[in-house]
Amino acid sequence: MVQGVGFRPYVYSLAARHSLAGFVRNQAGRVVIEVEGEPPSLDRFLAELPARLPPLATIEHVSWVRQPPRGDHRFHIEASEATGSGSVFISPDVATCRECLAELFDPGDRRFGYPFLNCTNCGPRLTIIIRAPYDRSRTTMAGFVMCAACRAEYDDPSNRRFHAQPTACPACGPRLRLLDPTGEPVSTPDPLASFGQALLAGKIGAVKGLGGYHLVCDARGSAAVAELRRRKHRDEKPFAVMVPDLTVVGSLCEVGPVERALLLSPSAPIVLLRKGTFSPIANEVAPRNPWLGVMLPYTPLHHLLLRAVGGVPLVMTSGNRSDEPIAYRDDAVEQLAGIADLFLTHNRPIHVRCDDSVTRVVDGVELPVRRSRGYAPRPIPLPFDCPRPILSVGGQFKATFAIGRDRHAFLSHHLGDLDHYDAYRAFEQDVTLYEQLVGISPEWIVCDLHPDYATSRYAREHSVRSRKPILSVQHHHAHMASCMAENGLTETVIGVTFDGTGYGTDGAIWGGEFLVGNYRWSRRAAHLRYVGMPGSERAIREPWRMAAAHLADANVGFGLLEARCLQDELAVLRKMLDRWINTPPTSSAGRLFDAVAALAGVRDRVTYEGQAAAELEGLAAGVPPDTSYPFELGEEWEGEPPESVLIVDTRPLVRAVARDVAAGVSTARIARRFHSTLVDLIASVCGRLRETTGLGVVALSGGVFLNALLTSEVCMRLGRDGFRVYRHRLVPPNDGGLSLGQLAVAAARDG
Ligand code: ZN
Ligand code: ZN
Ligand code: FE
C-alpha cells in the first residue's frame, strides 16, 4: 500500500539523505523509483527503503534493475498517471494521528480547533474517493480550492502534508454548521459548543462523521437513551459509546492489552469490552448485555465534540431508523426527521457510506464482528492465485462483496441488509466503484446458492448482461472456505460451520453443519438433526416457537411453555409441526440456541438477530462449568448418490434441558451446561470424522462463532484432542465473510 500514505515524500527524503537524483512515480498499484548516484549510496538506499516506512505504508515486494545513468542532478516527484492496469491499493480511512491531534489542541497553530485537519498519515480516504487514481481532484475535496499556506505544505516534499489529498485549514476547507430539525441553520458563534450543550441538556443530536451520520446523546442519561431507542425504533440492540481516552475506557470496562491496541489503532474500531462493576453508563445503552461496544474519537470533529461535552461518554449509534442504511448525504435531515433534535453537519461530501467496524478479542486475538470503516478496502492476502479476476457478491445480510485478482481479495466495507432498496443501490454502486478503484474488470461472478438473495439475482442479471460465467457456492461451503482462506490453508479440512440460516443443497435451512472438503469441493459429513421451523421467518423472531418445535421433536409436552403462551397458539403450532405446514426443516445451530434460550426462560421473543444467543453466552460466562447435556450420534444415508452422514440427535439434550428447567436449575447454569454440550458435541463429531477421513485440521466458521465463550472452549478442546484448529481473525465468521469464501472457491475451481 503505497498510495495516499505519504510514500513518495518518504522516498524523496530518503533519496535526499543519500544525495541521489532521479524520480518517484505512482504507476497503477506500484511505485516506480529511478535513482542515480554513487554505488554505496544506492545500496544504502535500497537497504533502507523497506526499513522505515510511513505508518500506513506496506511493501509487498521490491524488484530492481540496473540502468545506465541519465545524468539527473535532482530528485523529483512525478504526477500520478491515470492510466495503466494493475491492482491499486487504496487506504482505508485513518484515525487522526498524534501530530494532527497536537495541532488541533495547540492554540498557536493555524489549525487550532479545526475539525477537518488531516495529513498523509491520517484522515478520510475510502469515504471521499470518487475515482482512482487517488488525487484531490477525484475526491469529494475537489470543490475546495487550497489556500496559499495549504498549497505550500502540499507542494513541499519535506512537509507532513505533502500531497495529502484531503488537506484543509480554516481558511480554505470544509466548515461546520448547526441545523435545527427542519434543516434551517442555527445561528451560533460556536456550533460545536452549542451542540455539546444541547447533548448535556439531554437532547439527541445527529453528527456527520467519516462514513455517515451518527445519532448521539449523553450515555449517562437513561431518559435520553430510552428516548433515542423509542425514536429510532430500536428496542434492545446495544448502542456503542465513544469516550475521550483510554483512562475513561478503563473506568467503564475491563480492557486488556490487545483491546487497548485495537482502540488506539489507525482503524479505531468499536471494541466489545466486558462492562465493569460500577459504571455511569445508563443501563439502556446495552440492556441485559455484559458487553459494551466502545470506541475512541477517530476524527478531529469527534475529539472536539468530546471536549465540548467535558469528556462525558456519548452514545454514538448509526444514524438511521431501525435497520435502514445510515444517512450520509444532505438528505439526512429528512431521513432522521423525528429522531434528531439538531444536526451538527458540514460541507465535505461523503462519497462512500461506511459503517463503523466492530471487533472483539478472544484468547488475545482479534475476532472481527463487522469489518468496515478503517479496514476496508485493505486486501486480504490469498494463499493461492486467482487465475482470472473474480467478483463474489456475498449473501443477503451483513453483505460484503469481494474482488479477487492475483493473490489478493479486495473485501468491501459492510453494506448491511440488502432487503432495503437503498442498501441494494449502494451495493451496486460500490461494486462499480471498487472495480474502478482496484482497476479490475472481473471475468466471472460468484454468488450464494440461495436463489432469492438480492446478490444472487444481481449475479444472474449481471452474468446474462455481460456474458460472464456465474458460479453459485453453497452457503456453508463459503463459510468454511472463508476461514481457510484467511488462515492460508490449502489442505482438506473438517469445516464446522454453525450459523442461523443458509440455503442447503436439499432445499432445507442448514446451519449446524460439519463439512469435509477444501476450496474445490465439500461434502456434508454431519449435521444437527432436522426440526421444524414453525412459521418460518417468524420462528427467528420468536424463539418460543423453536422451543416448541424441539419439545415436540423430543416428545416432551408443552407444559413448560403453557404458563407463558396462549393455549390456542400452542395448539396451532402443534398442528403446523405435525403436518409441516409453513414449517421448513432446519439443522440450524442458531435456532437451537434460540430454543434453549426460550426453554430456560431467557426470552421468548428477540428484537435483533442473535439476541437470545448473546444473552445465553452472557449468562453462561458468569458461572463455572459443571456438567453437560447428553446427545447421540446416529448415521443416515442422504443425498444423491446416497452417502453416509452423521446425525447429531439433539432430543436427549432437549429432554435434559426441560428436566433442568422443571427442577428449578438457574438459567445461568442451564446456559453454561448448554455451552459445554456444544463443545462436547463438536469434539465428538470431529473425532468421529477424523476416524473415517484421517483429517486432523478443523476450520470454525459461521455466525455462531462470534460467541467468545464457545469459540475459546472449542479451540481449546479440539487442540487438546490433537487437532489443528483455525478460526477467524481477519474477517467476520458471520455472513460478512461469505464473499471471501465464495471467491476462494471460485478461484480454486478456475485454477
Ligand atoms: Zn495526521
Ligand atoms: Zn488552507
Ligand atoms: Fe451464514
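Scroll up a little and you will see the structure.
Let us look at the structure shown here. Not measured: the values here are computed from a predicted model. (Residues numbered from 1 in each chain as written. Chains lettered and ligands numbered in written order. Predicted model: local features only at pLDDT ≥ 70, side-chain atom pairs only at ≥ 80, totals over all residues. Heavy atoms only, no water.)

Let us look at the pattern of salt bridges. Counting across every chain of the model gives 41 salt bridges. Measuring nitrogen to oxygen at the nearest pair gives 2.6 Å for the salt bridge that ties Arg524 to Glu513. You can see Arg524 sitting in strand 21 (residues 522–528) and its partner Glu513 sitting in strand 20 (residues 509–517), a full 11 residues away along the chain. When sorted by exposure, Arg524 lands in the same class as Glu513, which is buried. Here the salt bridges do not stand alone but share partners, grouping Glu227, Arg230, Arg231 and Asp341 into one network. (Salt bridge = Lys/Arg side-chain N within 4 Å of Asp/Glu carboxyl O. Helix = DSSP H or I, 4+ residues; strand = E, 2+ residues; numbered from the N terminus. Buried < 20%, exposed > 50% of the residue type's maximum accessible area, 1.4 Å probe, protein only.)

Another point: helix 22 (residues 708–720). An ideal rise of 1.5 Å per residue puts 18 Å on 13 residues; helix 22 measures up with 18 Å between its terminal C-alpha atoms. Looking at helix 22, one finds that the buried residues are Ala708, Leu709, Leu710, Thr711, Ser712, Glu713, Val714, Cys715 and Leu718. Of the surrounding secondary structure, the elements contacted by the buried residues of helix 22 are strand 13 (358–362), helix 19 (611–620), helix 21 (667–693), strand 26 (697–701) and strand 27 (724–726). Once helix 22 ends, the next one or two residues include Gly722, with phi positive near 90°. (Expected span 1.5 Å × (residues − 1). Contact = heavy atoms within 4.5 Å.)

With 27 residues, helix 21 extends 38 Å from end C-alpha to end C-alpha; this agrees with the ideal 39 Å at 1.5 Å per step. Of the residues one or two after helix 21, Gly694 is the one with positive phi, at around 80°.

Moving on, we come to the coordination of the zinc ion (ligand 2). With distances of 2.2 to 2.4 Å, the protein atoms coordinating the zinc ion (ligand 2) are Cys147 (SG), Cys150 (SG), Cys169 (SG) and Cys172 (SG). Here the zinc ion (ligand 2) binds 4 donor atoms, and the angle range of 103 to 117° at the metal identifies the geometry as tetrahedral. Donor residues binding the zinc ion (ligand 2) come from one chain and are separated in sequence as C-x2-C-x18-C-x2-C. Here the residue Cys147 occupies a position in the loop between helix 3 (98–104) and helix 4 (148–155), and Cys172 occupies one in the loop between helix 4 and strand 4 (176–179), the gap between them amounting to 25 residues. (Donors = N, O, S within 2.8 Å, 3.2 Å for Na, K, Ca; no water. Tetrahedral: all angles 85-135°; square planar, octahedral: opposite > 155°, others 65-115°.)

A separate point is the environment of Ile440. Counting through the fold element by element, Ile440 comes out in the loop between helix 11 (421–437) and strand 17 (444–448). Given a relative accessible area of 3%, Ile440 falls into the buried group. Residues Ile440 and Leu391, spaced 49 residues apart in sequence, show a C-alpha to C-alpha distance of 9.4 Å.

Following the sequence through the fold, Asn487 ends up in the loop between helix 13 (475–486) and strand 19 (493–503). The sequence separation of Asn487 and Leu730 amounts to 243 residues, and the corresponding C-alpha distance is 8.7 Å. If sequence neighbours within four positions are ignored, Asn487 has contacts with Tyr726, Arg727 and Arg729. Engagement of the side chain of Asn487 in a polar contact is seen with the backbone oxygen of Cys483, the distance being 2.8 Å. Among the polar contacts made by the side chain of Asn487, one reaches the side chain of Arg729 at a distance of 3.1 Å. (Polar contact = N/O pair within 3.5 Å; in protein donor to acceptor, adjacent residues only side chain to side chain.)

What follows covers the packing of helix 21 against helix 22. Interhelical geometry of helix 21 versus helix 22 gives an angle of 40° and a closest axis separation of 10 Å. As far as their axial angle goes, helix 22 and helix 21 are oblique. The element helix 21 and its partner helix 22 pack so that their crossing is right-handed. Of the residues in helix 22, those in contact with Arg672, His675, Leu678, Val679, Asp680, Ile682, Ala683 and Cys686 of helix 21 are Leu709, Leu710, Glu713, Val714, Arg717 and Leu718. In terms of residue class, the contact of helix 21 with helix 22 is made up of 9 nonpolar, 1 polar and 4 charged. (Axes fitted to C-alpha atoms, helices over the stretch in contact; angles between N-to-C directions. Parallel < 35°, antiparallel > 145°, perpendicular 65-115°, else oblique. Left-handed = near helix turned anticlockwise from the far one by under 90°. Nonpolar A, V, L, I, M, F, W, Y, C, P; charged D, E, K, R; others polar.)

Contact geometry of helix 15 (residues 543–553) with helix 18 (residues 589–599) gives a least axis separation of 7 Å together with a crossing angle of 95°. In terms of orientation, helix 15 and helix 18 fall into the roughly perpendicular class. Across the interface between the two elements, Pro543, Trp544, Met546, Ala547, His550 and Leu551 from helix 15 touch Arg591, Leu592, Asp594, Ala595, Ala598 and Leu599 from helix 18. Across the contact of helix 15 with helix 18, the residue classes tally to 9 nonpolar, 1 polar and 2 charged.

Taken together, 3 strands build an open sheet; the order of strands is 2-1-3 and the sheet is mixed. Strands at the two margins of the open sheet, each flanked by one partner only, are strand 2 (30–36) and strand 3 (75–77). Strand after strand, the sheet turns through a mean of 10° between neighbouring axes, direction not considered. Two elements, strand 1 (residues 21–27) and strand 2, share 7 bridges in a ladder whose sense is antiparallel. Its bridge partner being in strand 2, Ala21 is matched across the sheet by Glu36. In the packing of helix 1 (residues 7–17) onto the sheet, contacts are made with strand 1, strand 2 and strand 3, and the angle to strand 3 comes to roughly 175°. (Pairing = 2+ DSSP bridges.)

Moving on to unusual backbone geometry. Among all residues save glycine, negative phi is the norm, and among peptide bonds the norm is trans. With an omega dihedral of 5°, the bond running from Ala376 to Pro377 counts as a cis peptide bond. Note on placement: Pro377 falls in the loop between strand 14 (365–370) and strand 15 (379–392). One non-glycine residue, Arg288, lies in positive phi territory at about 55°. Look at Arg288 and you get exposed, because its relative accessible area is 53%.

Here the focus is the side chain of Arg111. Examined against the element boundaries, Arg111 turns out to sit in the loop between helix 3 and helix 4. The exposure class of Arg111 is buried, given its relative accessible area of 1%. A distance of 2.7 Å separates the side chain of Arg111 from the side chain of Glu153, its partner in a polar contact. At 2.7 Å, the side chain of Arg111 and the backbone oxygen of Ala168 are in polar contact. Aside from chain neighbours lying at most four places away, what touches Arg111 is Glu103, Leu104, Leu117, Cys150, Glu153, Arg161, Thr167, Ala168, Cys169 and Pro170.

Another point: the coordination of the zinc ion (ligand 1). Looking at the zinc ion (ligand 1), the protein donor atoms are Cys97 (SG), Cys100 (SG), Cys119 (SG) and Cys122 (SG), and they sit 2.3 to 2.4 Å from it. Each donor residue of the zinc ion (ligand 1) lies on the same chain, and together they follow the pattern C-x2-C-x18-C-x2-C.

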